[in-house]
Amino acid sequence: MTANVSQTPPASPTPSPLHAVVADDFDAVNRTIVAQLNSKVPLVETIGQYIIESGGKRLRPLLVLLAARALGYEGDKHITLATLIEFMHTSTLLHDDVVDESHMRRGKKTANDAWGNAPSVLVGDFLYSRSFQMMVDVGSMRIMAILSGATCVIAEGEVLQLTNIGNPSISEADYFETIQGKTAMLFEAASHSGAVLGDATAEQERALQYYGRYLGLAFQLIDDLLDYQGDAEAMGKNVGDDLAEGKPTLPLIHAMERGTPEQAKLIRQVIRKGGLEQLDDVLEIINATGALEYTRARAVEMADKALAELDTLPPSPYRDSMANIARLAVDRKA
């Protein structure tokens, strides 16, 4: 199977007010994605286009565009920066699905299910490598330092999550350390690098860095909540997937802390074993202990912190969109 991606623009996210304020920039990002996916190896283009077209809101590149524009940036390097952030994210998706042995993402077959593990890993490597080529084009050593450092933190977060699978003894602090690395770090790097590109003051740069961090934490907290409460069709994956893999996410951690000794023992056993045989029992305990309400409250806390960081920016439609992203992060159903 091959595809001429140079003639087929990647699918854009569903239009929304969040994207509307940078609509022209977003179109330019899509064109740059097409150009940068070009490879003399057809399978690279095929898999790269497949995963990029698989849906999603493209929040990370959107954060780059909004952060830079909110600071009055008028150049064009933000297009390259947003594109390479999307490539970094896409490469992590390819690698994650192999590690997790996933078969479905956003309602479609994963690339590893369609083409196999080896091609998925190698195309993920290509996208990472291409993102570093684009970093050079951006021409900022500070941005390169931010993004290269982020890749290490993200990799560490993924390894930490892997080592925690089947371990019911991790604490809430351990959990937050994991999601800070595997999810929040790229949100943080996106808004932080956009701030640097926009020539932010020291106060604004720090604020946008932490805005991205808190937003990413809120986003992952809701993801982990939806694994026990979401709509499988809307999410494009099955409810209980994290439990099946033995991932000790916050709903389970809180349920073990607040449940009876018998309830905690059952959840610990399920985490160690994995699988969905006792999903109904686990859901009953989660609901009885208020674990989902607690997880949502922590997500709202993170979103509120993200909103507070935006006070350093001048009023603009770009700042308004960044605020709306933080609100929507905790209101979404998928």
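This one's a predicted model, so the numbers in the text were calculated from it and none came from an experiment.

Counting its regular elements, the protein contains 17 helices and two strands. Relative to the globule expectation of 20 Å for 334 residues, the C-alpha radius of gyration of the protein, 20 Å, shows essentially globular dimensions. Its C-alpha atoms give the protein principal-axis dimensions of about 60 × 50 × 30 Å. A separation of at least 24 residues holds for 77% of the contacts in the protein among residues at least 6 apart in sequence.

A word on the environment of alanine 150. Relative to the helices and strands, alanine 150 is located in helix α8 (residues 141-164). Put simply, alanine 150 and aspartate 137 are 13 residues apart on the chain and 18 Å apart in space, counted from C-alpha to C-alpha. Ignoring anything within four residues of it in the chain, the contact list for alanine 150 reads Met185 and Ala189.

Under the counting rule described, the total for this entry stands at four aromatic pairs. For the pair tyrosine 50 and tryptophan 115, a centre-to-centre distance of 5.0 Å together with 80° between the ring planes defines the contact as edge-to-face. Pair noted here: tyrosine 50 is in helix α3 (residues 42-52) and tryptophan 115 is in helix α6 (residues 111-115), with a separation of 65 residues, a long-range link. Classification of tyrosine 50 by relative accessible area gives buried; the value is 19%. For tryptophan 115, a relative accessible area of 21% corresponds to the partly exposed category.

What follows deals with the side chain of glutamate 188. Looking at the element boundaries, glutamate 188 is found in helix α9 (residues 172-197). For glutamate 188, a relative accessible area of 3% translates into the label buried. A polar contact is formed between the side chain of glutamate 188 and the side chain of arginine 213, at a distance of 2.7 Å. Contacts of glutamate 188, omitting those with residues within four sequence positions, involve Gln180, Gln209, Gly212 and Arg213.

At their nearest, the axes of α9 and helix α13 (residues 250-258) sit 10 Å apart, and the two run at 175° to each other. Judged by the inter-axis angle, α9 sits roughly antiparallel to α13. Of the residues in α13, those touching α9 at Glu172, Tyr175 and Phe176 are Leu250, Ile253 and Glu257. Split by residue class, the contact of α9 with α13 holds four nonpolar, no polar and two charged.

Its 26 residues place the ends of α9 35 Å apart at the C-alpha level, agreeing with the 38 Å of an ideal helix rising 1.5 Å per residue. Of all the bends in α9, the largest measures some 55° and sits at alanine 184. Where burial is concerned, most of α9 is hidden: 23 out of the 26 residues are buried.

Our next topic: the confidence of the model for the protein. Per-chain confidence: the protein averages 89 in pLDDT, with 91% of residues scoring 70 or above. Mean pLDDT across the elements of the protein bottoms out in helix α11 (residues 232-235) (50) and peaks in helix α16 (residues 291-309) (98). Considering only residues more than four positions removed or in separate chains, one finds that residues 1-10, a stretch of pLDDT under 50, has 23 contacts.

A word on the pattern of salt bridges. What the rule picks out here adds up to 10 salt bridges. A salt bridge links glutamate 245 to lysine 247, with the nearest nitrogen and oxygen atoms 3.0 Å apart. With a relative accessible area of 11%, lysine 247 lands in the buried category. The network of salt bridges with shared partners includes Glu172, Arg298, Glu301 and Lys305.

Before going further, it helps to spend a moment on the packing of helix α10 (residues 202-229) against helix α17 (residues 317-331). Relative to each other, α10 and α17 sit at 20°, their axes nearing to 8 Å. In terms of orientation, α10 and α17 fall into the roughly parallel class. Crossing of α10 over α17 shows left-handed handedness. Two secondary-structure elements touch here, α10 through Leu208, Tyr211, Leu215, Ala218 and Ile222 and α17 through Met322, Ile325, Ala326, Ala329 and Val330.

A word on helix α5 (residues 77-99). Look at α5: 33 Å from first C-alpha to last across 23 residues, which is about the 33 Å you get at 1.5 Å a residue. Of all the 23 residues making up α5, 21 are buried; the element is thus mostly covered by neighbouring parts of the structure. Backbone geometry just downstream of α5 places glutamate 101 in the positive-phi region, at approximately 55°.

What follows concerns the nonpolar core. Core analysis: the biggest nonpolar cluster contains 99 residues, and Leu84, Leu147 and Ile325 have the highest contact counts within it. Those residues within four positions of isoleucine 325 in sequence are excluded, and the remaining contacts are Leu18, Leu59, Leu62, Leu63, Leu66, Tyr211 and Leu215.

Basis of the calculations
- Residues numbered from 1 in each chain as written.
- Predicted model: local features only at pLDDT ≥ 70, side-chain atom pairs only at ≥ 80, totals over all residues.
- Heavy atoms only, no water.
- Helix = DSSP H or I, 4+ residues; strand = E, 2+ residues; numbered from the N terminus.
- Rg over C-alpha atoms; globule rule 2.2 N^0.38 Å.
- Contact = heavy atoms within 4.5 Å.
- Phe/Tyr/Trp six-rings, centres within 6.5 Å; stacked < 30°, edge-to-face > 60°.
- Buried < 20%, exposed > 50% of the residue type's maximum accessible area, 1.4 Å probe, protein only.
- Polar contact = N/O pair within 3.5 Å; in protein donor to acceptor, adjacent residues only side chain to side chain.
- Axes fitted to C-alpha atoms, helices over the stretch in contact; angles between N-to-C directions.
- Parallel < 35°, antiparallel > 145°, perpendicular 65-115°, else oblique.
- Nonpolar A, V, L, I, M, F, W, Y, C, P; charged D, E, K, R; others polar.
- Expected span 1.5 Å × (residues − 1).
- Bend = angle between axes of the 7 residues up to and from the residue.
- pLDDT = per-residue confidence, 0-100.
- Salt bridge = Lys/Arg side-chain N within 4 Å of Asp/Glu carboxyl O.
- Left-handed = near helix turned anticlockwise from the far one by under 90°.
- Core = buried A, V, L, I, M, F, W, Y, C linked by side-chain atoms within 4.5 Å.

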